[in-house]
Amino acid sequence: MPIFDFLIFLTMDNKETYWVVIYPYVFIFNKGGKTLFYNSETGESIFSETNREILELSKPENMYSLLVDENVLTKSHVFRQIIEKHFGELIPFEKCNKKPVSIYPQCLIERQEEEELIFELKELTIMLTGECSLKCIGCDYIYKQCLWCHKKADVIPFNRIKSFLGFIPLSGVSQINIIGGDILTYVSIDEFLLYVTEFKVKIRIFLHYELVNKHLEKLLKLFGNYDFSLVLLINSPFIYEVLLEITRKFEKFKVNYKVLVSSEKDYENAIKLSSNDNLDIIPIYNGKNLSFFVDNVFLNKEDIINSHVSMKEIFAHKLINTNTFGKLVVYPDGQIFANVNKSPIGTIDDNIYKIIQSQLIEGSDWRSIRINKECLNCLFQWLCPSPSDYGIVLNVKNMCHLSP
Amino acid sequence: MAEQNVEILTKIVLEKLMRKQLTGISRVTERDIINNLRNLADITIAVTERCNLNCSYCVYGGLYETDPLRNNRDLNEEAIRKLFNFLSDYWQDRVKGSIISIAFYGGEPLLNMKLVKHTVEYLFMTFPNFKFTFRITSNGLLLNKYMDFLVEKSFKLLISLDGNRFHNSHRVTQNGKESFDIVVKNVDKLKEVYPDYFEKYVSFNAVLHNRNNAIEVLDFIKNKYGKKPKLSPLATDGINKENGTIFNSILNKNSILPGEYKSFKDEEEFVNSSIGKNIRQLLSTIGMNYHDYSSLIYSNSRNEFHTGSCTPLRKLFLSADGKILPCANVSHRYVLADVHELNKIDILAIADKHNDLINRFYNSVCQKCASITICHTCIYSRDWTGDGEVGHCRHLTNINQLISEQNMISRYLASYPDAYFRLFNFFNNG
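No experiment lies behind these values; they were computed from the predicted model shown.

Each value, and the rule that gives it
- Residues numbered from 1 in each chain as written.
- Chains lettered and ligands numbered in written order.
- Predicted model: local features only at pLDDT ≥ 70, side-chain atom pairs only at ≥ 80, totals over all residues.
- Helix = DSSP H or I, 4+ residues; strand = E, 2+ residues; numbered from the N terminus.
- Rg over C-alpha atoms; globule rule 2.2 N^0.38 Å.
- Buried ≥ 20, exposed ≤ 12 C-beta atoms within 10 Å, placed from the backbone.
- Contact = placed C-beta atoms within 7 Å.
- Domains from an automatic or database assignment.
- Core = buried A, V, L, I, M, F, W, Y, C linked by C-beta atoms within 7 Å.
- Nonpolar A, V, L, I, M, F, W, Y, C, P; charged D, E, K, R; others polar.
- Pairing = 2+ DSSP bridges.
- Axes fitted to C-alpha atoms, helices over the stretch in contact; angles between N-to-C directions.
- pLDDT = per-residue confidence, 0-100.
- Expected span 1.5 Å × (residues − 1).
- Arc of directions from axis to C-beta.
- Parallel < 35°, antiparallel > 145°, perpendicular 65-115°, else oblique.
- Left-handed = near helix turned anticlockwise from the far one by under 90°.

### A look at the overall build of chain B
Secondary structure assignment for chain B yields 14 helices and 12 strands. Its C-alpha atoms give chain B a radius of gyration of 23 Å, near enough to 22 Å, the size a compact globule of 430 residues would have. Principal-axis analysis of the C-alpha atoms places the extent of chain B at approximately 60 × 50 × 50 Å. Sorting the 430 residues of chain B into buried and exposed places 34% on the buried side. A fraction of 76% describes how many contacts in chain B between residues 6 or more apart in sequence connect residues 24 or more apart.

As C-alpha cells, then:
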C-alpha cells in the first residue's frame, strides 16, 4: 500500500479529518524547535513551537498539504491562525478525498546557455583615474563600505579601457559608474563619455562635492554635451550653505547626493537636506563609532518582521548576494573586482565570460549568502538582507541583535 | 466564472493573472535586431533539400502541405561566404572566445558533406577568435563515410532512429527498402571505433507513430546504445487534407501523454515535454521561476504583450535555397532576406513587419485570450493559421479552458509530486 493511501487509511475513524493546505507564497522556517510561518504576500508572520505536524507540512514532498484530525486542530492554535490569517485553507476530508496540493516555495532559475551568462552583468564601475588633490579623512576606508571615490596611483589609458568595453552592447550592462580619484582630471573624459554614451546605458559620474567649484565650468560643459547623471559625494561634517549653493547651480541637471554619516549628530545634520528627493544617507564606520552602528544599523527582531520581504527577495537572499550580484569594479591598473574588499578576480585583458562564469558558479562575492553558523540557526536567516561590506569591515558575520 | 471545481493552485494562478495587467504591446526596434545580429549565437544551415530516405511521415513528403518549390536544391559555398561576410560586420566588437553554435540540417546534410566541411574550415579561418560548436542531424545512412570528420571536429550528432527494425519501418530508402540494417551497422561501427566520442556527442531522436511506442523505443535504444532518445510526436499541423486518412493511420494518438510520466526517463525530456513546460509556466506565474539570477534583483516593471516569438534574428536559419528565416521551424512565407541580396537587407522593415504581425494578432485574437499574459506561442509557428493573415490560434483560451488546464497541472502534481523535484534537479543540478 503506498504510504499516502496508508495515511488516509489510518485516519479513517470517527474523528473529523481535514486537509491543511498552505499557500505557495507562505514560507515555513524551522530552527531550534521554533517555527516561523512567513506570508510573503502580506509580510505577516505566525510564530509557533515546532511540532510533528509542522515538520510534516514542511517536507517538500508533502506539497504543502497534510491530513490532520480535529484533535490536532483543537489543540494547535497555529492551524487556527493559519486559516484566520489566510496563510492557507482547511478542507474537510469528506468533501475532498483526493489530496489537494499546493507548492513548497522554491526558486527555479532556468538553465542558462554559457553565452547568455554575460547578461547577468548589470553594473560596471570604472575608476578611470586614482589621482586627486583632496586630503579627505576616510579616503582609505570609506570606499570599502560603499561606492565612493578614493586615491590610487594609476590612470587607465583611454584606448586600453575602450578595447575592454567593446563587450558592453553584447552584455546585460545597463549602468556604468565612473569614479576617481578626481574624475574630472582624467584627460580623456570627453572621449570616454562620447564612447560610452553610445551604448545607451545609464551613466553616472561620481565626484566629491569639494571638487565642484574647481571643475564647475567643465561640468556644465559636460552636462551640455552628454547624457549622464552626477552623483555628488559628501562627507560629514559638511557646510550646509555650500551644499545649498551647489544644489542651486545644478537644479536643471540630473544630480544625486550621497551623504556619509558616522554619528547621530551627522545624521541630524544630513536630514536637513532631506527635502531633496535625490538624497541617500549612508552610515559609515570610522573605527571609533561601533556603538552608532550597533544602535542604528544593526537589526532587531521588530525591524525584520516589520519589513515586508517579498518571495522574490527571499529567493534572492537564498541564492545570491543582492549587494554585489551583477556588479564589477575596474581599477585604473586594469584589475577587476567583484568586491573591493577582496582579491581581484581578473584583469581587463582576461576573458570577461570566464570571469562572470566563475562568479556565478563559485563566486565568493556574487554568491555570498547567510550561511555562517550564527545565521544558519536563525529563524530569520532568509528574511535578512545579504551580507554586506559593513560586515567585512566590522569583522562581524551578522549585523543584528538576535542571538539564536 | 466557471462552475467547475477550482484547485488551490489554480485559484492562486488566477489571482496572479488578474493582478498582472498588460502595460502595452512590446515593440521591436531596429536597434534590437542589430543587437540580435551582434549577439547571434544560434545559426542553422540547411545544406541540401535532398534526402536518401523517403520516410512515410516526412514533413516534406506528401502527407503535409509543403513549399511547392521545395525540390532537390543544394546550398553552395557562395551563400555561406555571403552570410558570414554580412555577419562579420556585426561581429567586430564581439568578445574573444564567444561561443557560436552552427547546426547543419537538410534533407540529409551528409549528402552535401562537401559544403559542411567547407563551412567548418571557412569559419575557423575567418573567425579565429570565436569558439564554434557544430551540430548535425542525420539519418545515419552515410555515417560510415563521414564519421572521421565529425569526430575530428567534435560534432554533436543527432541520429534519427525510431527503435527496432519494425519500429523503424516507416524510414525507407528512395527505393522503398528498409534503412534499419545500414543505419544500425553504421552506428555500431561509430560506437566501436570512437567509443569516447559516441558516449559524449551522440544522441538519438525517435518519432512516435503507429508502429512503435515510447516505452519500447526507450528500451530498445537504451539497451543497444546506452542512450535515452528524444521522443517526438508526428507534426500535426499543416496536414495535406487529401491525405488526412493516411495520416490518421500513421499517427500514434497516445504518443506522449502527461499520464506517461514514467516514460520520461530523464529530466531533460520531462522538462521540455508539454507538462514540464506547463509546470514551469505555473511556477513562473506564481513567482518561483526566473530566467536568470539577475531577474531576482533587477526587476522589469514593464509587462508587455509579446507572445512567445523570438525577436527577429535572435536565431537565424539559412535554407538550402538561400533564404534567411527566423528559425528552422517557420514557414517560408516569413522569409526575412535572400542571402545573395544581404546588401539590400532592410532591418527597419523587418522590425516593422514583426511589430505589425504582433499588433494584428493582438487586436484580432489575443485580446480575447485568457492566457494572454502567459502566452508562449510563436507568431511565426504553424500554431497560427490564416496564411500569415490574422487567423485562428490553436491556443486561444477562454477562462473555463484556462481553469481546466491549470486544474490538470495541479492534479498532475498531486499524482506525481516527484515531477516538481525533477524539474529543480534538472535546472539546479543538471
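### Let's talk about the domain arrangement of chain B
Per the domain assignment, the segments of chain B are domain 1 (1-37 + 267-309 + 347-430) and domain 2 (40-256). The C-alpha-based centres of domain 1 of chain B and domain 2 of chain B are spaced at 29 Å.

### Considering the nonpolar core
One finds A:Val26, A:Ile178, A:Ile183 and A:Phe206 to be the most contacted residues of the largest nonpolar core, which totals 123 residues. Non-local contacts of A:Phe206, meaning those with residues more than four positions away in its chain, are made with A:Leu147, A:Cys149, A:Asn177, A:Ile178, A:Ile179, A:Ile183, A:Val231 and A:Leu233. B:Val28, B:Met147, B:Ile221 and B:Leu325 belong to the second largest nonpolar core, which has 57 residues in total.

### Considering the interface of chain B and chain A
Facing 38 residues of chain B, the contacting portion of chain A comprises 43 residues. Listing elements by their share of the side of chain B that touches chain A, those giving two or more residues are helix H1 (8-19), helix H2 (30-39), helix H11 (274-286), strand S8 (289-290), helix H13 (399-415) and helix H14 (418-429) of chain B. A total of five residues in the side of chain B that touches chain A trace back to one element, the largest contributor, which is H14(B). Its residues assigned to classes, the side of chain B that touches chain A shows 22 nonpolar, 10 polar and six charged. Bridge count between strand S7 (residues 108-109) of chain A and S8(B): two bridges; the pairing is parallel. Note on S8(B): the bridge partner recorded for A:Ile109 is B:Tyr290.

### Description of the pairing of strand S3 (residues 34-39) of chain A
Side-chain positions along a regular strand alternate between the two faces of the sheet. Residues and elements named next belong to chain A. Burial runs high along S3: five of the six residues are buried. In this structure, strand S2 (residues 26-31) lies alongside S3, joined through six bridges in antiparallel fashion. Note on S3: the bridge partner recorded for Lys 31 is Lys 34. Linking S2 back to S3 in an antiparallel pair, the connection comprises two residues, with Gly 32 at a positive phi of about 50°. Pairing analysis gives five bridges linking S3 to strand S4 (residues 45-49), with the strands arranged antiparallel. Across the sheet, residue Thr 35 finds its bridge partner in S4, namely Ser 48.

### Digging into the sheet that holds strand S3 (residues 99-105) of chain B
Backbone hydrogen bonds hold the strands of a sheet together, and the pairing may be parallel or antiparallel. Residues and elements named next belong to chain B. The nine strands are arranged S7-S6-S5-S4-S3-S2-S10-S11-S12 in an open sheet whose pairing can be described as mixed. Unpaired on one side and paired on the other, strand S7 (230-233) and strand S12 (337-338) mark the two borders of the sheet. The sheet contact formed by strand S2 (residues 42-46) and strand S10 (residues 316-318) spans three bridges and is parallel. Of the residues in S10, the one forming a bridge with Thr 44 is Phe 317.

### Some words on the sheet that holds strand S6 (residues 88-92) of chain A
Residues and elements named next belong to chain A. Pairing within the open sheet is antiparallel, and its three strands lie in the order S5-S1-S6. Each edge of the sheet is formed by a strand with only one pairing partner; in this case those strands are strand S5 (65-69) and S6. Sheet twist, expressed as the mean angle between neighbouring strand axes with direction ignored, is 25°. Here strand S1 (residues 17-22) pairs with S5 via five bridges, running antiparallel. By the bridge assignment, Thr 17 is partnered in S5 with Asp 69. Contacts from helix H4 (residues 77-84) reach S1 and S6 within the one sheet, and its direction differs from that of S6 by about 110°.

### Section: the environment of B:Val6
Residue and element names in this part refer to chain B. Note on placement: Val 6 falls in the segment before H1. Sequence-wise, Val 6 and Val 172 are 166 residues apart; in three dimensions their C-alpha atoms are separated by 49 Å. Excluding its chain neighbours within four sequence positions, the residues that come into contact with Val 6 are Lys 11 and Ile 403.

### Structural notes on the domain arrangement of chain A
Split by domain assignment, chain A resolves into domain 1 (3-95) and domain 2 (119-297 + 326-366). One C-alpha centre belongs to domain 1 of chain A, the other to domain 2 of chain A; they are set 49 Å apart.

### Details of the confidence of the model for chain B
Residues and elements named next belong to chain B. Model confidence for chain B is summarised by a mean pLDDT of 86, while 91% of its residues fall at 70 or above. Below pLDDT 50 for its whole length, residues 255-261 participates in 13 contacts with residues either more than four positions away or in separate chains. Predicted complex, confidence summary: ipTM 0.90, pTM 0.79.

### Regarding helix H12 (residues 347-364) of chain B
A turn of α-helix holds 3.6 residues, and therefore any two residues three or four places apart point the same way. All names here are of chain B. Look at H12: 26 Å from first C-alpha to last across 18 residues, which is about the 26 Å you get at 1.5 Å a residue. Looking at H12, one finds that the buried residues are Ile 350, Ala 351, His 354, Ile 358, Phe 361 and Tyr 362. Buried residues of H12, viewed axially, fall in a sector of 105°; they line one side. When the buried face of H12 is taken as reference, the exposed residues oriented beyond 90 degrees from it are Leu 348, Ala 349, Asp 356 and Asn 363. Those residues of H12 hidden inside the fold are in contact with strand S1 (24-25), H2 and strand S9 (304-305).

### Some points on unusual backbone geometry
Look at the link from A:Ser236 to A:Pro237: it is a cis peptide, with omega at -5°. In this structure, A:Pro237 sits in the loop between strand S11 (229-234) and helix H8 (240-249). Cis rather than trans, the peptide bond between B:Gly106 and B:Gly107 has omega equal to 15°. Inspection of the secondary structure assignment puts B:Gly107 in the loop between S3 and helix H4 (113-126). Look at B:Ser154: it is not a glycine, yet its phi comes out positive at around 55°. With respect to the helices and strands, the residue B:Ser154 is situated in the loop between helix H5 (143-152) and strand S5 (156-160).

### A closer look at the environment of B:Ala419
Checked against the element boundaries, B:Ala419 lands in helix H14. Its 20 C-beta neighbours within 10 Å are what place B:Ala419 among the buried residues.

### Observations concerning the environment of A:Tyr390
Residues and elements named next belong to chain A. On the secondary structure map, Tyr 390 appears in helix H15 (residues 389-394). By C-beta crowding, Tyr 390 is classed as partly exposed, having 19 other C-beta atoms within 10 Å. Each C-alpha atom, one on Tyr 390 and one on Tyr 285, is 7.8 Å from the other, the two residues being 105 residues apart in sequence. Excluding residues within four positions of it along the chain, Tyr 390 makes contact with Gln 145, Tyr 285, Val 297 and Met 399.

### A short note on the packing of H1(B) against H11(B)
Residues and elements named next belong to chain B. Taken N-terminus to C-terminus, the directions of H1 and H11 make an angle of 55°; their axes are 9 Å apart at the nearest point. The orientation of H1 with respect to H11, classified from their angle, is oblique. In this structure, the crossing between H1 and H11 has a hand that is left-handed. Contact with H1, carried on its side by Leu 9, Ile 12, Val 13, Lys 16 and Leu 17, involves Leu 282, Thr 285 and Ile 286 of H11 and no other residues of that element. Looking at the contact of H1 with H11, its residues break down into six nonpolar, one polar and one charged.

### A short note on the packing of H1(B) against H13(B)
Residues and elements named next belong to chain B. Contact geometry of H1 with H13 gives a least axis separation of 8 Å together with a crossing angle of 135°. The pairing of H1 with H13 is recorded here as oblique in orientation. As for how H1 packs across H13, the hand of that crossing is right-handed. Residues Leu 9, Thr 10 and Val 13 of H1 pack against Ile 403, Gln 406, Asn 407 and Ser 410 of H13. The class makeup of the residues in the contact of H1 with H13 is three nonpolar, four polar and no charged.

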